[in-house]
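# Fold and geometry: a report
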Amino acid sequence: MRFGVNYSKDKLRVSIISDMIDPSSIETLRQRIDIVDIIGSYLELKRSGANYKAICPFHNDTTPSLHVSPSKQIYHCFACGAGGDAIKFIMEYEKLNYPEAVEKAADLCNFTLAYTNIKDAENRKKTKDILEQLNLFFTQNLDKSPQAAAYLSERGIGQSLIQKFEIGYAPQSHMTMNFLKQRFFALKEAIEAGVISINDRGDEYAVFTERITFPIYSSNGRIVGFGGRTITNHPAKYVNSPQSKIFNKSWLLYGYHIARDFIMRNKKIIICEGYLDVIMLHQAGFNEAVATLGTALTEKHLPLITRGAPKVVLSYDGDSAGVEAAFKAAKLLSSHGVEGGVALFAGGMDPADMVQKELISELNALYGSPKEFVEFCLEYIAGKYNLKNAHEKQKALEEAAAYLRTLPNTIAESYKSMLASLLNIKPNLVVLGMKKPLRQNDTHNGFEDILELSIIKTLLVNPHLVDMTLDIIDVSMFKVHTEELSLLLEGQKEHSLLRKLLMLDNIHIYEEKELVNALRPFLMSFYEEEIERIKKSSFEFEKKSFLIRKIHDIIARLKKGELVPYESFSAF
Ligand SMILES: [Zn+2]
């Protein structure tokens, strides 16, 4: 029942837990573990030269595409791009978060980890105790409030759902305070757990009073807080636990710990706006339903949403606020390459109402064919403008094209004609211009320039050569592997393209002297092409001959063995 998040995307979450494992202990573990042993305990490895190969578990693999390098202690799949070190493999394979994977790796090689921050660990345990006990207290209180029970039955929430989602009732403030005192919890601990607060006059009070309570769990099934709905017409219809180290509503999703297995199995996640929607959808068999905690969907939700690569259905209100929220979320998800669509609920209905009215086939239809994200966004943008006015039409085109430019290349291209027909313009008016290539996979159709790759690999392995090399070369000199070079210069050494390069045995790593010798012909052919370019240009004769003479001079110095600092002629 454990479930992790991508550690590179979600460093914050990791730092919260991993400060408990002593970093130097993790370092020792890293030196101790052998990636071949670790991966070999999950997959059948076959020796292949200095490396090992296996059927990749991260895509539908038929040939062994996953390569494991004992010398570099990394793995890389040449088909799907998955890869990293031994701990990354455990995270991906077992769906664990970073500290959990570290613990698993330690188990696998009988290594005893050291833990730090015992006080922190104790506090965390206290918080967990308080939340668990209070949750029990709230659920046992539900029967004692006829009003709460009436509300739930009115909304059509049955007993089995009440138990599954541990719905409870928070009584009056003093009763909760008494309960905590009886259990000997200190005030400070209760405040840290987010269940007690102090008002302006300095009086303590329970955060959840006279509310139906919904415990909120982290993705790995640990209780982290509550949501509470008033049944006494309190002006705040819903309240959540205050933001804290363990409760961060901007990345949590309500119901995720219950939906997780269904999301993984069915490759689908339904994101709603309310707790009751989630509960009622589960009641109707839509077990992949989760909800944001009263916040808009943001980038911080992405690690959790994209885990297991499910198709996403945004299940939002059909009113103007709901449509706008859906637009923002659809834009965010599509620009991160997430697949899915939007299902809007018209007529003031929400998913919970529809389940209650037993409109299950209608729900199935809505969730079965949501409006695809990009289509939804383009229609939304077109709908904002009065397209009968030429100026407004131009603005619509600009906004829509700017949005398309945020998408991966091929996807953006395939929506050009749809945009043109939405705006009733000719398709060639939709200009998407230069866009970043899709960074996940190889973008040059397998064509490799060995010299370029060797230079990049050399710099990757010998970072101290980067400065010297950058004095004499420029990214613009690279014809094929500009992406790899840019990634290297951006310091994105974990990127799959660079990892793949490390694993390619046919790409040589130069010694410093060899590098200089390799750069010289590389530079010469670049400057010779510059001469050709300038010859063909429409410059005046004098300018042409000046530039050509200058470049000839550079080439002559290169031939003599001198490395000439990079000079750009591209402005000419
Ligand atoms: Zn793969």
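Residues numbered from 1 in each chain as written. Predicted model: local features only at pLDDT ≥ 70, side-chain atom pairs only at ≥ 80, totals over all residues.

### Re the overall build of the protein
Counting its regular elements, the protein contains 26 helices and 16 strands. The principal-axis extents of the C-alpha atoms in the protein amount to approximately 95 × 70 × 55 Å. Evaluated residue by residue, the protein yields a buried proportion of 34% over its 572 residues. (Helix = DSSP H or I, 4+ residues; strand = E, 2+ residues; numbered from the N terminus. Buried ≥ 20, exposed ≤ 12 C-beta atoms within 10 Å, placed from the backbone.)

### Things to note about unusual backbone geometry
The residue N110 is not glycine, and still its phi comes out positive at about 50°. The topology assignment puts N110 in the loop between α5 (98-108) and α6 (118-141). When the 7 C-beta atoms within 10 Å are taken as the criterion, N110 is described as exposed. Even without being a glycine, N424 presents a positive backbone phi close to 55°.

### Here we look at helix α18 (residues 390-405)
The end-to-end C-alpha distance of α18, which contains 16 residues, comes to 22 Å, matching closely the 22 Å that a straight helix rising 1.5 Å per residue would cover. For α18, the complete set of buried residues consists of A396, L397, A400, Y403 and L404. Taken end-on, α18 shows its buried residues confined to a sector of 130°, consistent with a single buried face. The outward face of α18, more than 90 degrees from its buried face, is lined by the exposed residues H391, E398 and A402. (Expected span 1.5 Å × (residues − 1). Arc of directions from axis to C-beta.)

### Topic: the packing of helix α17 (residues 373-384) against α18
The axes of two packed helices give the description: the angle between them and the distance between them. It is the contact of α17 with α18, at a shortest axis distance of 9 Å, that shows an interaxial angle of 160°. Accordingly, the angle class assigned to the pair α17 and α18 is roughly antiparallel. As for how α17 packs across α18, the hand of that crossing is right-handed. In this structure, α17 contributes C377, L378, I381 and A382 to the contact, and α18 contributes A396, E399, A400 and Y403. Counted by class, the contact of α17 with α18 contains seven nonpolar, no polar and one charged residues. (Axes fitted to C-alpha atoms, helices over the stretch in contact; angles between N-to-C directions. Parallel < 35°, antiparallel > 145°, perpendicular 65-115°, else oblique. Left-handed = near helix turned anticlockwise from the far one by under 90°. Contact = placed C-beta atoms within 7 Å. Nonpolar A, V, L, I, M, F, W, Y, C, P; charged D, E, K, R; others polar.)

### Concerning the nonpolar core
If you look at the biggest cluster of nonpolar residues, it comprises 87 residues, and the most contacted ones within it are V195, I271, V278, V290, L314, A330 and C377. With seven residues, the single largest contributor to this core is α17. Among the domains, domain 2 (118-240) and domain 3 (256-376) are the pair contributing at least three residues each to this core. (Core = buried A, V, L, I, M, F, W, Y, C linked by C-beta atoms within 7 Å. Domains from an automatic or database assignment.)

### Points about the pairing of strand β14 (residues 311-317)
For β14, a buried count of six out of seven residues is recorded, marking the element as mostly surrounded by other parts of the structure. Bridging between strand β12 (residues 268-272) and β14 involves four bridges; their strand directions are parallel. Its bridge partner being in β14, I270 is matched across the sheet by V313. In this sheet, strand β15 (residues 340-345) lies alongside β14 in parallel orientation, the contact comprising six bridges. Considered in β15, the bridge of Y316 is made with L344. Taken together, β14, helix α14 (residues 320-335) and β15 form a β-α-β motif whose crossover is right-handed. (Pairing = 2+ DSSP bridges. Right-handed = clockwise from strand over helix to strand, strands pointing away.)

### Some words on the pairing of β15
With five of six residues buried, β15 is to be regarded as a mostly interior element. Strand direction decides the pairing type here: β15 and strand β16 (residues 371-372), joined by two bridges, are antiparallel. Bridge pairing links G341 to E372 in β16.

### Details of the sheet that holds β16
With mixed pairing, five strands are arranged side by side in an open sheet as β13-β12-β14-β15-β16. Each edge of the open sheet is held by one strand with a lone partner, namely β13 (289-291) and β16. Along the sheet face, α14 touches β14 and β15 and points at about 160° away from the line of β14.

### Brief notes about α5
Among the residues of α5, Y98, P99, A101, V102, A105 and A106 are the ones counted as buried. Looking straight down α5, one finds that the buried residues subtend no more than 160° of arc, so they occupy a single side. Of the residues one or two after α5, N110 is the one with positive phi, at around 50°.

### Some thoughts on the sheet that holds strand β6 (residues 168-170)
The strand order across the open sheet built from four strands is β6-β9-β10-β11, with neighbouring strands paired in antiparallel fashion. At either end of the open sheet lies a strand with only one pairing partner, and these are β6 and β11 (238-240). Averaged over all adjacent pairs, the angle separating strand axes in this sheet is 35°, with direction ignored.

### Let's talk about the confidence of the model for the protein
On average, residues of the protein score 86 in pLDDT, and 92% of them reach the 70 mark or higher. Confidence over residues 1-18 falls short of pLDDT 50; this stretch has 40 contacts with residues more than four positions distant or in other chains. Of the regions scoring below 50 in pLDDT, residues 434-445 engages in 13 contacts with residues more than four places distant in sequence or in other chains. (pLDDT = per-residue confidence, 0-100.)

### Quick look at the packing of helix α21 (residues 450-461) against helix α25 (residues 512-536)
Where α21 contacts α25, the axes come no closer than 11 Å and their chain directions differ by 140°. Here α21 lies oblique to α25, going by the angle between them. Note on packing geometry: the crossing formed by α21 with α25 is left-handed. Of the residues in α25, those in contact with L451, S454, I455 and T458 of α21 are L515, A518 and F522.

### Let's talk about the environment of S218
Positionally, S218 belongs in the loop between β9 (211-217) and β10 (223-230). Judged by the 23 C-beta atoms lying within 10 Å of it, S218 falls in the buried class. Spatially, the C-alpha atom of S218 lies 29 Å from that of A150, the residues being 68 residues apart in sequence. Not counting residues up to four positions away in its chain, the partners in contact with S218 are V224 and L252.

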